[in-house]
Amino acid sequence: MAVAIRAVCFDLDNTLWDSGVVISRAEAQLRDWLNRHYPLIPQAYSVSEMRAERLRIIQAEPDGAHDLSHVRHKSLARHAAAVGYGRDVADQALEVFLIARNQLELFADVESALARLGQRYTLASLTNGNADLLRIGIQDRFAVSLTAADVGAAKPHARAFERAVQALRLDAAEVIYVGDDPHLDIAGARAAGLRTAWMNRKDAKWPEELLPADFVVTDCHELARALDVA
């Protein structure tokens with residue numbers, strides 16, 4: 001007899017909102033702020049050069065690569081120091097970015113579907129990003145909210161999923177993980193023993209090398225129907 005699902009754990013970026021729109025807007029707001037307050041940084045470094053510096057830090061410090069806020073702070077501190085500003089600029093700039101990063105619009109289906117799902121299942125989130133559900137205003141929907149920085153490992157590492165399951169105080173088979181990335185979310189969750197639902201909002205093609213998810217849905221209402229939530 002199949003184990004009953006008792007909790008639904010969500011990825012966040014591109015599962016509950018459009019991450020590309022959110023990050024692009026946050027990057028633009030950060031750059032505008034730097035132009036107003038610390039113009040030597042954007043004068044010296046383009047957007048692509050700043051992104052390349054973050055990638056260099058990730059490659060040089062694989063043990064800290066899961067903490068995206070740390071990576072961004074360190075890169076900003078390097079840029080500030082290189083043009084003669086103090087380290088406190090990085091503190092201020094990171095906060096500007098995080099405020100903007102958490103000002104976002106959920107996909108239209110999310111709020112009502114979370115309310116429906118929450119009547120039957122415990123809800124959780126696990127993300128590799130640095131979204132803050134408290135700042136976004138939906139933390140009360142989730143019994144557990146974890147980031148890769150909290151866990152000390154990023155998806156698809158099994159430790160990330162195991163920590164979520166432990167925090168829920170359930171067995172892995174009692175938790176279904178919902179995400180948009182076939183490799184990071186679905187293959188990672190399956191390897192850790194969780195059930196899986198692929199959130200395919202953009203009619204993407206499933207990678208042939210991967211086993212299919214337990215469910216394939218296009219939005220959270222379809223997920224609720226798949227899990228028999230009236």
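Data block above holds the structure.
Residues numbered from 1 in each chain as written. Predicted model: local features only at pLDDT ≥ 70, side-chain atom pairs only at ≥ 80, totals over all residues. Heavy atoms only, no water.

To continue, consider the sheet that holds strand β5 (residues 195-199). The strand order across the open sheet formed by 6 strands is β3-β2-β1-β4-β5-β6, and the pairing between neighbours is parallel. Of all the strands in the sheet, the pair left with one neighbour each is β3 (144-147) and β6 (215-217). Averaged over all pairs of adjacent strands, the angle between strand axes in this sheet comes to 20°, irrespective of strand direction. The pairing of strand β1 (residues 7-10) with strand β2 (residues 122-127) spans 4 bridges and is parallel. Within the sheet, the bridge partner assigned to V8 lies in β2 and is L123. Against the sheet, helix α10 (residues 182-191) engages β4 (175-179) and β5, with an angle of about 165° to β5. (Pairing = 2+ DSSP bridges. Helix = DSSP H or I, 4+ residues; strand = E, 2+ residues; numbered from the N terminus. Axes fitted to C-alpha atoms, helices over the stretch in contact; angles between N-to-C directions. Contact = heavy atoms within 4.5 Å.)

Attention shifts here to the packing of aromatic side chains. The full count for this structure, using the stated rule, is 5 aromatic pairs. Ring geometry for Y38 against Y85: centres 5.0 Å apart, planes inclined by 75°, an arrangement best described as edge-to-face. One end of the pair, Y38, is in the loop between α1 (19-37) and α2 (40-44); the other, Y85, is in the loop between α4 (68-82) and α5 (88-101), with 47 residues separating them in the sequence. Judged by its relative accessible area of 17%, Y38 falls in the buried class. Three or more aromatic residues link up through ring pairs in this structure, and these residues are W33, Y38 and Y85. Sitting over the face of the ring of F97, R72 holds its NZ or CZ atom 3.7 Å from the ring centroid. (Phe/Tyr/Trp six-rings, centres within 6.5 Å; stacked < 30°, edge-to-face > 60°. Buried < 20%, exposed > 50% of the residue type's maximum accessible area, 1.4 Å probe, protein only. Lys NZ or Arg CZ within 6 Å of the ring centre and 35° of its normal.)

Another aspect to go through is unusual backbone geometry. A cis amide bond links K155 with the next residue in sequence, P156, at an omega value of 15°. Looking at the secondary structure, you find P156 in the loop between α8 (148-151) and α9 (158-168). Phi angles above zero are rare outside glycine, and R169 is one such case at about 60°. Counting through the fold element by element, R169 comes out in the loop between α9 and β4. Positive phi, close to 55°, is recorded for D203, a residue that is not glycine. Tracing the sequence through the fold places D203 in the loop between β5 and β6.

A pair of packed helices is characterised by two quantities: the angle between their axes and the separation of those axes. In contact at an axis separation of 8 Å, α4 and α5 are set at 135° when each is read in the N-to-C sense. The angle between the axes of α4 and α5 places the two elements in the oblique class. The element α4 and its partner α5 pack so that their crossing is right-handed. Packed against α4, whose contacting residues are S69, R72, H73, L76, A77 and A80, the element α5 presents V89, A90, D91, A93, L94, F97 and L98 at the interface. Split into classes, the residues belonging to the contact of α4 with α5 amount to 9 nonpolar, 2 polar and 2 charged. (Parallel < 35°, antiparallel > 145°, perpendicular 65-115°, else oblique. Left-handed = near helix turned anticlockwise from the far one by under 90°. Nonpolar A, V, L, I, M, F, W, Y, C, P; charged D, E, K, R; others polar.)

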